[in-house]
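# Coordinate analysis (summary)
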Amino acid sequence: MGYVVRDQWQQHYADGKGFRQLGERERALLAEHTPVPDGGGRALEVGCGAGGLAVYLASLGYAVDAVDFADSALARARGEHADVVGVRWICLDIELDDSTELHQDGYDLITMRLMYPFLRDRSRVLHGLGERLRPGGALVVITPTTEHTPEERRDIALDEDEIRLLTAGWKQVERLDADKLAALVLRGPCHAHTTAVEKRPPTGHALTGAVAVVTDEAGRVLLGRSTRGMWELPGGKTSGPESFEQAAVRELAEETGLTAAASDAYAVMMLVDDSHGVPRLTAVIRITAWSGTLTNPEKRLFERWEWHDLHALACVGDVFTPAAQALDAIWPGVIPDLPPVHAYPLAVDMPPVPGEPAEAVRLRQTMAEAVISGGWAPSEPVQQALRTVPRHRFAPETDLKTAYDDDLAVVTRRNDTGQATSSVSAAWLQADVIESLCLRPGANVYEAGSGGYNAELLAHVISPGGRVVTGDIDPHVVRRTRRLTGEAGSGRVTAFQGDAALGAPAHLVPRGGFDASLITYNVWDIAPAWREQLAEGGRLVLPLEMHGYTRAIAFQRRGDVLHARKFTHCGFIRAQGEHARTTPVVDLLNGELRIRFEDNAPASTEGLEESLRGPRHEVATGVTMGPGFYFGSLQLYAATTLPSFCRLAAYRDKGTGVTEIAQNGDAPTILGDASLAYLIHIQTRHGDSPAEKEWEFLVHAFGEQGPQLAEQLAATARAWDRNVRDGATPILTVHPNDTPDRLLPAGDILDKPLSRLVFQWPGRNTLLPAPVERCDEAT
């Protein structure tokens, strides 16, 4: 009865055949070890057959999803248990079908009774089911074991090695006996951390071989469970005069039964390392097309072959070191913490490799519709790019649900301190900044800060034709971008390594400059190269920090001046290399408070601590707001119009007890002599519904000059309320840093080392209270 094909099971149940009935011992174990949580629970039975276990779980109080891929089994279940409530019968192949019908908020109990040995990709399915468990939930596998199964029927049983693999990585494992069946109760999936391991010591002076990287129609990679207890790729030593590509194709056929042409095999990387003191050279061969049926011809070497999800490769347990290195060569970052290896990328013109699960298609359409309905992608080219470009293939270490969350940025690279240094930005933000570029078919686009997905969105929008040049300072990110765009891209993205703040290399800059440029990391200043390499009239979009407040601003070039056309509130990863900057800060009260000088030069804080211990002066502004109101323009207005501006940050809940700034929050602040004033908001009206609630902006001040500073800050808030709060934005122009004052337009000037920013806010011709004079300024 070792069926593996759906048609065989369809006929099995259509013929009236069944399975071993649920025994009393199994019932007792389930009731004792997986009781229904307080308030009710939800259970998933995988491979429900005629429904005996599903009905029992419903009798315990679970709401049950009973899944089977045989329509005949479900027809019998519905007929035999028509009067049972609490069971939802679902026709689904747990290995192949889109799981949209399953509950997305997870399950308290998942059962697999007498069906686990019939799975083809056991590890992948178990990993995926473990991710569906709610906190405290359990996955129960009930299975025959070879110890209690006749030899001729052991294809439906598990041996001890298989049971060890099944239970590896779970935080809590209980093995119970159920009338000579093994009942495995698994909780708290942490999965087995992937470790690169070695075989026995090799012989000879050096080893040369090739490994084949093959994916199926869903983009899953093929790995074999070897008799040595580790996962391996198809591959082996070269034989005679054959090429590495020929060796990989031959080994694939010998070990798996799959056939491929050498013309569909591409050597993408050479890996050089050491195995037990012997040099080892491994060619990583990417196979783009194959045929045949997966089998296991070499049973003395391999127990079985399985297709694995890429995002689960970091938790499959032991992987043969060259195989782990090869997987990382194709999908950089999918397996962390690998042993060092010398990698030599090969310049190959490899076609894209297709393959994605149906669930990815569904989730991509859902993500696209969410972004479109939010108003972030009004144009048809950007909408089609969101629907078409496979976002998950540019974040292979991430599960599909996370990859296609429209409001979530996916971190793909961290530094040694855990700080994010590269990511796939939130889909709505990527759509918004691409719309701001006003791209046309055939355009040439520069992107500073790589990753792959955003570049491919750009390439799709400017198709047919056009080109995207993307650069990054991190060689790992560049290698990853090249590999991922090669695997799933258009062929119209060129990646280079270098400090993107210096612009693109001269040979990659089109004559007349780029039609558009996009900077994908927070910048504190605007590099001259970005303006100089931009065509006249071209668009430059970048996330610019102004006194620490970041806005994605779309600029248009007119001669040597950049004119702002659009502002979007956002946050990106901070710059590295030429644009890296450490913000000057001054700690107060033993670090409980901190003053941040984001753009202005650090001012004297002498006497401030003593003032903060004194009385607090308060001024109500009369400026109110309701729930969900965006007041980011007030912060930017204050920052760019007030002298002596800085930010006061609190690092304990409610600061020191006198500032009333929330923990890890900060407030717009201005300084005087041993004095300061800052702006916060407090709730002034409460209610049961959001519409009934209201907040008012309030100024707190300390020190002798506090009352004057408070009036100045309050007047600024009121001016913003009159002229700006209803969605107005400033006229902003950016000029070269050597532009003299007489050639600048009237407005508030923010000077940076490489550029001069001039803000013209609505209503700024109105006189405001004069700034408080500081002793050092008077001098």
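One structure accompanies this document, and this report is about it. All values derive from a computational prediction rather than experimental measurement.

## What about the overall build of the chain?
Looking only at helices and strands, the chain has 19 helices and 36 strands in total. Principal axes of the C-alpha set define a box for the chain whose edges measure 100 × 65 × 50 Å. When each of the 779 residues of the chain is scored for burial, the buried share is 54%. Within the chain, residue pairs in contact and separated by at least 24 positions form 64% of the contacts whose partners lie at least 6 positions apart. Carbon and sulfur atoms make up 50% of the accessible area of the chain, which amounts to about 32900 Å² in all. Computed over 76 positive and 104 negative side-chain charges, the separation of the two mean positions in the chain equals 2 Å.

## What about the pairing of strand S27 (residues 585–588)?
Inspection of the sheet shows S27 paired to strand S28 (residues 593–596) by four bridges, in the antiparallel sense. Residue Val585 lies in a different strand from S28, and its bridge partner there is Arg596. Where S27 hands over to S28, the hairpin turn is made up of four residues, of which Leu589 adopts a positive phi near 50°.

## Points about the side chain of His127
Here His127 lies in helix H5 (residues 122–130). By relative accessible area, which is 8% here, His127 ends up buried. Filtering out sequence-adjacent residues up to four positions away, His127 remains in contact with His191, His311, Ala312 and Cys315.

## Observations concerning the packing of helix H8 (residues 321–330) against helix H14 (residues 475–488)
Relative to each other, H8 and H14 sit at 80°, their axes nearing to 8 Å. When the axes of H8 and H14 are compared, the pair comes out roughly perpendicular. Side by side, H8 and H14 meet where Asp328, Ala329 and Ile330 of the first sit next to Arg479, Arg483, Leu484 and Glu487 of the second. Grouping the constituent residues of the contact of H8 with H14 by class yields three nonpolar, no polar and four charged.

## Examining helix H2 (residues 24–33)
Among the residues of H2, those classed as buried are Glu26, Leu29, Leu30 and His33. End-on, the buried residues of H2 take up no more than an arc of 95°, which puts them together on one face. Within H2, the exposed residues directed more than 90 degrees away from the buried face are Glu24 and Glu32. Looking at the buried side of H2, the elements it contacts are helix H3 (52–60), strand S4 (107–113), strand S5 (133–144), strand S6 (170–178) and strand S7 (181–189).

## So, the layout of surface pockets
A probe as big as a water molecule, rolled over the atoms, marks out the empty space that is left. Within this model, the second largest pocket holds a volume of roughly 1100 Å³. Elements with a contribution of two residues or more to the lining of the second largest pocket: H5, S5, helix H9 (358–373), helix H11 (400–403) and H14. Per-element tally for the lining of the second largest pocket: the top contributor is H9, with six residues. A class-by-class count of the residues in the lining of the second largest pocket yields 18 nonpolar, 12 polar and 20 charged.

## A few points about the sheet that holds strand S2 (residues 62–68)
Spatially, S3-S2-S1-S4-S5-S7-S6 is the arrangement adopted by the seven strands of the open sheet, whose pairing is mixed. Looking at strand neighbours, the two that pair on one side only are strand S3 (87–91) and S6, the edges of this open sheet. Within the sheet, the average angular offset between the axes of one strand and its neighbour, ignoring direction, is 20°. Across the face of the sheet, H2 comes into contact with S4, S5, S6 and S7 while running at roughly 150° to S6. Contacts from helix H4 (residues 71–80) reach S2 and S3, with the element oriented near 160° to S3.

## Focus on the side chain of Asp525
Tracing the sequence through the fold places Asp525 in the loop between strand S23 (514–519) and helix H15 (528–532). No salt bridge is formed by the buried Asp525. Its closest oppositely charged neighbour is Lys752, at 6.0 Å. Reaching out from Asp525, the side chain makes a polar contact with the backbone nitrogen of Leu754 at a distance of 2.6 Å. Within the structure, Asp525 has its side chain in polar contact with the side chain of Ser755 (distance 2.6 Å).

## Section: the pairing of S23
Among the six residues in S23, five count as buried, and that is most of the element. As defined by bridge partners, strand S20 (residues 444–448) adjoins S23 across four bridges and the pair is classed as parallel. Bridging across to S23, Tyr446 finds its partner in Ser517. The pairing of S23 with strand S24 (residues 534–546) spans four bridges and is parallel. Looking at the pairing, Phe514 lines up with Leu534 of S24.

## Some thoughts on empty space enclosed by the protein
A full pass over the atoms with the stated rule returns four cavities of 30 Å³ or more. Size it by volume and the second largest cavity reaches roughly 60 Å³. Lining the second largest cavity we find Glu26, Leu29, Leu30, His33, Thr34, Val140, Ile142, Leu176, Ala178, Ala183 and Val185. Classifying every residue of the lining of the second largest cavity by side-chain character gives eight nonpolar, two polar and one charged.

## Some points on helix H1 (residues 6–14)
Here H1 has its buried residues at Trp9, His12 and Tyr13. One side of H1 carries all its buried residues, which in axial view fall inside an arc of 85°. For H1, the exposed residues lying more than 90 degrees away from the buried face are Asp7 and Ala14. Buried residues in H1 make contact with H4. Following H1 by one or two positions, Gly16 adopts a phi angle in the positive range, close to 85°.

## Thoughts on the nonpolar core
Counting residues in hydrophobic clusters, the biggest one holds 76 residues, and the most contacted among them are Leu233, Val284, Trp331, Leu386 and Leu439. With residues near it in sequence (within four places) discarded, Trp331 still touches Val213, Thr215, Val221, Arg286, Leu310, Pro396, Leu484 and Glu487. Counting residues in hydrophobic clusters, the runner-up holds 57 residues, among them Val469, Ala564, Ala714 and Leu750.

Rules of the game
Starting afresh in each chain, residues are numbered from 1 along the sequence in its written order. Side-chain atom pairs in this predicted model are given and counted only at pLDDT of 80 or more, local residue features only at pLDDT of at least 70, and totals for whole chains, interfaces and linings cover all residues. Side-chain metrics in this entry use all non-hydrogen atoms of the structure; hydrogen atoms and water are not considered. For the purposes of this entry, the term helix denotes a DSSP run of H or I that reaches at least four residues, the term strand denotes a run of E that reaches at least two, and both are numbered from the N terminus. Whether a residue is buried, partly exposed or exposed follows from its accessible area with a 1.4 Å probe, protein chains only, as a fraction of its type maximum: under 20%, in between, or over 50%, in that order. By the convention used here, residues are in contact when the closest approach between their heavy atoms is within 4.5 Å. Surface accessibility in these figures is a Shrake-Rupley result with a 1.4 Å probe; residues are shielded only by whichever protein chains are displayed. In this tally, Asp and Glu contribute negative charge and Lys and Arg positive charge; neither His nor the terminal groups of the chain are included. Where a charge sits is defined by one atom per residue type, namely NZ (Lys), CZ (Arg), CG (Asp) or CD (Glu). Any two strands are treated as partners once DSSP identifies two or more bridges connecting them. Angles shown run from 0 to 180 degrees and are taken between the N-to-C directions of axes, each axis being a line fitted to C-alpha atoms and, for helices, limited to the stretch in contact. For classification purposes, an angle smaller than 35 degrees is called roughly parallel, one larger than 145 roughly antiparallel, one from 65 to 115 roughly perpendicular, and anything else oblique. Any residue that is not Ala, Val, Leu, Ile, Met, Phe, Trp, Tyr, Cys, Pro, Asp, Glu, Lys or Arg is counted as polar, Gly included; the first ten are nonpolar and the last four charged. Note that the arc is computed from the directions linking the helix axis to the C-beta atoms. Grid points spaced at 1 Å over the protein atoms alone were grouped into cavities, where a 1.4 Å probe fits but cannot get out, and pockets, open sets with protein on both sides within 12 Å along at least five of seven lines, with lining residues defined by an atom within 4 Å of a point. Grid points are joined across faces, edges and corners, and a volume is the space filled by probe spheres set on the points. We count a salt bridge whenever a side-chain nitrogen from Lys or Arg sits within 4 Å of a carboxyl oxygen from Asp or Glu. Here a polar contact means two N or O atoms within 3.5 Å. Within protein one must be a hydrogen donor candidate and the other an acceptor candidate, and residues neighboring in sequence count only if both atoms are side-chain atoms. For this analysis, a nonpolar core means a set of buried residues of the types Ala, Val, Leu, Ile, Met, Phe, Trp, Tyr and Cys, connected via side-chain atoms within 4.5 Å.

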